[in-house]
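# Observations on chain architecture
The residues making up each chain are set out below.
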Amino acid sequence: MSIFRDFFVKEKPVFTGITRGIGGFGFGKSAGGGAASANPGILSASGGTEYTSGDYKLHVFTHPNSDNFQVTSAEPDATVEIMMIGSGGSGSPDQGNGGGGGGVVWTNNGGIVISAGTYPISISGASADDSPGPGNSSSARGGDTLFNPGGSGIVLTAKGGGFGGYFNPPNARDADYRDGGCGGGMGNIPGSAGHPDDGYPTYGPGGGIGYQPTQSQTFPSATNILGNTATVLSQGFAGGGADTVATTDPSGSGGGGGGAGERGYAGASHSGVTPSNNWGRGGNGYQVPSDFLDPFKPQIPNPFLNIGHSDPGFRYFGAGGGGSDYNNNSGSGRNFGVPGGLGGGGRGAQTSGPGNQHGEAGLNHRGSGGGGGSTHGGNGRSGGSGCCIIKYKFQ
């Protein structure tokens, strides 16, 4: 038996990632594959909102309609493909950073074998808007999406995203909430002489940690119809930190929230650094394979989960929110704020002068982070609620 198969042994939690702050991965022949090319066994199930394409069904679970996935019958080789995303974290206020996207769980490698039974699914709602001051940072971190919590056989968790770090040093005590499924941005806060780390040096100029890869996932290691041992990808990336100049320049822009597909981009100084459109941009979400959703386009709504079928972000989930851009850096050419990542990440505010501007919320049902608020009192906005999508062969 190979070390890889030992890693995914049955009947105990397994990790599908590597170290904290690094994107997770799943082992197997087709780490991003959609429906199996061979014919999996047939199952009958109900729950959520159902769509049909050919021999396959799609079940979509969204907040506030958490539900049971009820499998009434399943052939021995019946498999399901499951994609889960936690809710995104909120952007932070007052020269704020982008919120992290929710972590992603994806049953790659041809799906996992499932048996008849009741599988509760819990979808968390949007995180809370955040405003200057002590704030509400515990509720500004995204909530988790759960498949069969407390059960056995298959138990999956997609963690909520971290909230964007505060610029204002007295509020650095909220650092515990910056980590999440994907980490919140931390571009212009603790780490400079003018704005010390306030007792949290490890957060320094770096982004919040994305700890989805360390989240335990439990599932049977039975071989699926492709002949592959089941695997589960569990992935989330860190938020954007700061470039070397921004750590000593209190007028730097906020860092982008981490996405389920890539790390958030660092905030940058506005002195001594060539302007870049990537300053503070949220990390892109995770892109599901085309054969997971595209065959259902004739049946599913357009837009689907708040993104249109032809939009570049249609197959992305768990994007990071954009950080705020201090004092409207005209050299960057960004006249409408700092973009979030593909998959619905909220845009960060861009200050054009005195007064406040607020970030944009991450898209609901996409698990994407909210954008950071401008200096002069702008608010960070909420991260979007999560979702769970299940696909299987029914005839």
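Further up the page is the structure itself.
What comes next concerns the included structure.

Procedures and definitions
- In this numbering scheme, every chain counts its residues from 1 along its sequence in written order.
- Selection of residues for local features in this predicted model requires a pLDDT of at least 70, selection of side-chain atom pairs for listing and counting requires 80 or more, and totals for whole chains, interfaces and linings are taken over all residues.
- As a rule here, side-chain values come from all non-hydrogen atoms in the structure, and water together with hydrogens is ignored.
- Salt bridges are defined as contacts in which a side-chain nitrogen from Lys or Arg sits within 4 Å of a carboxyl oxygen from Asp or Glu.
- Working definition: helices are DSSP H or I runs of at least four residues, strands are E runs of at least two. Numbering for both runs from the N terminus.
- Pairs of residues are marked as contacts when any of their non-hydrogen atoms sit within 4.5 Å.
- Centre distance within 6.5 Å is the pairing criterion for rings of Phe, Tyr and Trp, where only the six-membered ring of Trp is used; planes under 30 degrees apart are then read as stacked, over 60 as edge-to-face, and the remainder as tilted.
- To sort residues, take the accessible area from a 1.4 Å probe on protein chains only and compare it with the maximum for the residue type: under 20% means buried, over 50% means exposed, and anything in between is partly exposed.
- Charges are assigned to positions over rings by a cutoff of 6 Å between ring centre and Lys NZ or Arg CZ, combined with an angular limit of 35 degrees from the ring normal.
- At least two DSSP bridges between two strands are required for those strands to pair.

Our next topic: the pattern of salt bridges. A full pass over the atoms with the stated rule returns five salt bridges. Residues Lys297 and Asp294 are paired through a salt bridge, measuring 3.8 Å at the closest nitrogen-oxygen approach.

Turning next to the side chain of Ser382. Structurally, Ser382 is set in the loop between strand E13 (316–317) and strand E14 (387–393). Excluding residues that lie within four positions of it along the chain, Ser382 makes contacts with Gly89, Ser90, Ala126, Ser127, Ala128, Asp129, Ala361, Gly362 and Gly370.

What follows is about the packing of aromatic side chains. For the structure shown, the criterion picks out five aromatic pairs. Ring geometry for Phe61 against Phe69: centres 6.4 Å apart, planes inclined by 85°, an arrangement best described as edge-to-face. For Phe61, a relative accessible area of 0% translates into the label buried. Ring centres of Trp106 and Phe292 lie 4.8 Å apart, and the angle between their planes is 80°; this geometry places the pair in the edge-to-face category. On the criterion of sequence distance, the pair formed by Trp106 in strand E6 (residues 104–106) and Phe292 in helix H3 (residues 290–293) is long-range, its members being 186 residues apart. When its relative accessible area of 0% is taken as the criterion, Trp106 is described as buried. We classify Phe292 as buried; its relative accessible area is 0%. One aromatic cluster in this structure is built from Phe61, Phe69 and Tyr392. Positioned above the aromatic ring of Phe394, the side-chain terminus of Lys57 is 5.0 Å from the ring centre.

Turning our eyes to something else, we now look at the pairing of strand E4 (residues 67–74). Taken together, the four bridges between strand E1 (residues 43–46) and E4 define a ladder with antiparallel strand orientation. Note that in E4 the partner of Ser46 across the bridge is Gln70. Bridge count for E4 against strand E8 (residues 117–122) is five bridges, and the pairing is antiparallel. What sits directly across from Asn68, in E8, is Pro120.

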